[in-house]
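Architecture and fold: a report
So the chains spell out like this:
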Amino acid sequence: MPDYGQLAAEQLPHTVPVVAPPYPPPPWPLPGARLLKVTYETEKDVAIRWLPPSLGRPIPPYAHVIVGHYPESPIGPFSLAVQTLGCRSRFLVRAYSLQAVTDSPTALIALREVWGFPCLLGKVAVEEKGGDVEARVEVAGRTVCVAALRQGAPIDVEVVRFDPYLNLRLVPSIQDGQPPPHVSLAQIDPYYEFKHALRGRAEVRFPRPSEGAPWHLVPFLSPVIAVWTEADTELPFARFVMPY
Amino acid sequence: MKFGIFFELSVPKPWSERSEHQVYFNALEQAELADELGFDQVWAVEHHFLEEYSHCSAPEVFLTAVAMRTKRIRIGHGVMLVLPPFNHPVRCAERAAALDILSNGRLEFGTGRSATWTELGGFNCDPDLTKEMWDESLRAIPKMWTQEIFSWQGKHFSVPPRCVIPKPLQKPHPPLWVAVTSPETAIQAAERGIGCLGVSVGTPKEYEERVKAYRRVIRECEPVGEFVNEQVNGVTFLYVDENEEEARLWGSKLVYTFSLLAAHFTGVSSIYPTPAYKVPGLLFALRREQEQRSSPTAAASSDGGIIREGMAIGTPETVIKQIKLWEEIGVDRMVFLLNAGEVIPQEKVLRSLRLFAEHVMPKFDAEAARARDSRARAAR
């Protein structure tokens, strides 16, 4: 028998080879998406700590939990939950992605490789009941975040907006402890055509904090607002790449 | 055409124990000089929690200090937030009347409702209700000033029969205004017979339709006060220097700093979906217009495209040309932002004001010219 190598997967250096991807190239049409966006105020020090140097924290600092269920996509149905920090790229309102969880292995690869979402594989469940919508985000059996809209009431879709995402575009170092040789920010501007929307009280909890998926590190100080909407959306190529 | 100055009182970081003191007293010195030079109005905003951008949360106090140090310039709330969660309407009326008395009848009463989540959230004020709160307060306050005994049963506040005192010195009451950042609010100003106080830094072209609509609608208005105040104030930045390059250098720093500070607080429409803030307002306009701008370094070396049509930045000749654009679209008064984040040294701000008064104002404002001649005669 040949001598096989013994490097365990846990010891692998990070690389992102995009050859023969198991997904089609963008743009991805995502019709009939159901989206929950829960916005809350968080701590100033947290915002400053987790934002890249090229981004400014807003006054007051705030975060979003954005949970989308996409029943149709080029890779089949999937869900994606993202926690973002509200920020300013010079004069512009943006959402910097901190955590993400998806329930589809293929989506995981595409969302990381193409769009830079910092995805983990997990479970994302959304339950709609009366005027309430509740999303649960689970990683390795731990519910790391519950985000909800309570007492929703219809709202004109003209006033609904989702800010462009800023995701890390990172080539990790293959040497332990060394900084990445390349890091920048990719701006992702999904297209949305909203069908209808509900607006209601925002609620966010982090029931079982996890070091591997530390959603709780952006604490909930006070609610802003929650929106639940159905939309035809599309994930395009990154619109801009900007300095980290 | 009349001219005024407009204070946000922005205090840049890093802060020292004296930072705010310095900004306040620089502004008072500017207001005193503006009064001497023949400017017609000085306005101060009311903002809360907008760190660095505006530390002017008690404008009635600041404006009283201005009134005590000046003789003829009119004193403007630009604006007072007349929503009960911020200021009970009775307190608005009382404070404004006291300021009118202390200024010897020089008050201009601008009203508004705030456009930021930073402020509305801070006062636990429901964004959906701000327009109707503003409207209710606006209709009640002139009655508080003119009725001996006032009472009110409204949706957002109520007052049993009471004598609201003091009464303003100006009779029947000071001129009423509203902060306008959208065409919709310009129409609402006209419908109510109150002045259109531009607070968004736009170009004359962007203002033109707004002014036309205001002039058209106000002819049929039902005034909320005792008289119609048909006036349109435009607002822009001011920096005058004999050297065009120098003026654009400092002017672009001013515009860039103001826009950058403004971008970091949270406009209602950017975070809270509500039909009450459909039009994104001042902040959105600033962000949109800065989207393609260059870096501060580039902005300082040329102007990086940051200086737009209508901004009073340049030599006196340039500034005259720019102000004529405003005059052509029917603006009655221009109000100027002089500094932001103290990015322009105080002596340069004062010099810019003097140059404006000496070379630009006489082309538009005969009254200011007369005041200056009279001062010159007195000096001789």
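Since we're looking at a predicted model, the values are computed, not measured. Per chain, residue numbering runs from 1 following the sequence as it is written. Labels are handed out in written order, letters beginning with A for the chains and numbers beginning with 1 for the ligands. In keeping with the model being predicted, local features are shown solely for residues with a pLDDT of at least 70 and side-chain atom pairs are shown and tallied solely at 80 or more, while totals for entire chains, interfaces and linings include all residues. The basis for every side-chain value is the complete set of heavy atoms in the structure, and neither hydrogens nor water enter the calculation.

1. Notes on the overall build of chain B
A tally of regular secondary structure across chain B gives 14 helices and 11 strands. Contact criterion: two residues are considered in contact whenever any of their non-hydrogen atoms come within 4.5 Å of each other. A separation threshold of at least 6 residues defines the contact pool for chain B, and within that pool the share at least 24 residues apart is 75%. When the accessible surface of chain B is totalled, it reaches about 14,600 Å², and 51% of it is carbon and sulfur. Each helix is a run of H or I in the DSSP string that is no shorter than four residues. Each strand is a run of E no shorter than two, and both are numbered from the N terminus. Surface exposure here means Shrake-Rupley accessible area, sampled with a 1.4 Å probe, where a residue is shielded only by the protein chains that are shown.

2. Details of unusual backbone geometry
Here Ile165(B) and Pro166(B) are connected by a cis peptide whose omega angle stands at 0 degrees. Here Pro166(B) is to be found in the loop between β6 (158–162) and β7 (176–180). Residue Lys171(B) is joined to Pro172(B) through a cis peptide bond whose omega torsion reads 0 degrees. Here Pro172(B) lies in the loop between β6 and β7. Its identity is not glycine, yet Arg90(A) carries a phi of approximately 55 degrees, on the positive side.

3. Regarding the packing of helix α1 (residues 19–37) of chain B against helix α2 (residues 59–69) of chain B
Residues and elements named next belong to chain B. At a minimum axis distance of 10 Å, the contact between α1 and α2 shows a crossing angle of 40 degrees. It follows that α1 is oblique to α2 by the angle criterion. Considering only the axes of α1 and α2, their crossing is right-handed. Across from Tyr24, Phe25, Ala27, Leu28, Ala31 and Glu32 in α1, the residues of α2 making contact are Phe62, Ala65, Val66 and Arg69. Classification used: nonpolar for Ala, Val, Leu, Ile, Met, Phe, Trp, Tyr, Cys and Pro, charged for Asp, Glu, Lys and Arg, polar for all others including Gly. Here the residues of the contact of α1 with α2 are counted per class, giving 8 nonpolar, no polar and 2 charged. Interaxial angle, 0 to 180 degrees, is taken between N-to-C directions of lines fitted to C-alpha atoms, where a helix line uses only the stretch in contact. Note that the term roughly parallel is reserved for angles under 35 degrees, roughly antiparallel for angles over 145, roughly perpendicular for angles of 65 to 115, and oblique for everything else. In this scheme the crossing of two helices becomes right-handed for a clockwise turn of the near helix relative to the far one and left-handed for an anticlockwise turn of less than a right angle.

4. What about the side chain of His77(B)?
All names here are of chain B. Looking at where His77 falls in the secondary structure, it is placed in strand β3 (residues 74–81). Since its relative accessible area comes to 0%, His77 is described here as buried. Leaving out residues up to four positions away in the same chain, His77 has contacts with Trp43, Ala44, Pro59, Glu60, Leu63, Leu99, Leu107, Glu108, Phe109, Gly110 and Leu197. Three labels apply to residues, based on accessible area from a 1.4 Å probe with only protein chains included: buried if under 20% of the type maximum, exposed if over 50%, partly exposed otherwise in between.

5. Comments concerning the interface of chain B and chain A
The interface is formed by 28 residues belonging to chain B together with 28 residues belonging to chain A. Counting the surface chain B buries against chain A, the share from its top three residues, His264(B), Ile271(B) and Pro273(B), is 27%. Salt bridge criterion: a side-chain nitrogen from Lys or Arg within 4 Å of a carboxyl oxygen from Asp or Glu. Taken together, the connections running from chain B to chain A amount to 4 salt bridges. Residue Asp156(A) pairs with Lys278(B) through a salt bridge whose shortest N-O separation is 3.7 Å. Whenever two N or O atoms come within 3.5 Å, that pair is a polar contact, provided that in protein one can donate a hydrogen and the other can accept it, and provided that, for residues adjacent in sequence, both atoms are side-chain atoms. Along the contact surface separating chain B from chain A lie 10 residue pairs in polar contact (both at pLDDT 80 or more). The dominant element in the side of chain B that touches chain A, judged by the number of residues it contributes, is helix α8 (residues 244–263) of chain B, at 4 residues. By definition, the buried area sums, over both parts, the 1.4 Å-probe accessible area that each loses when the two are put together.

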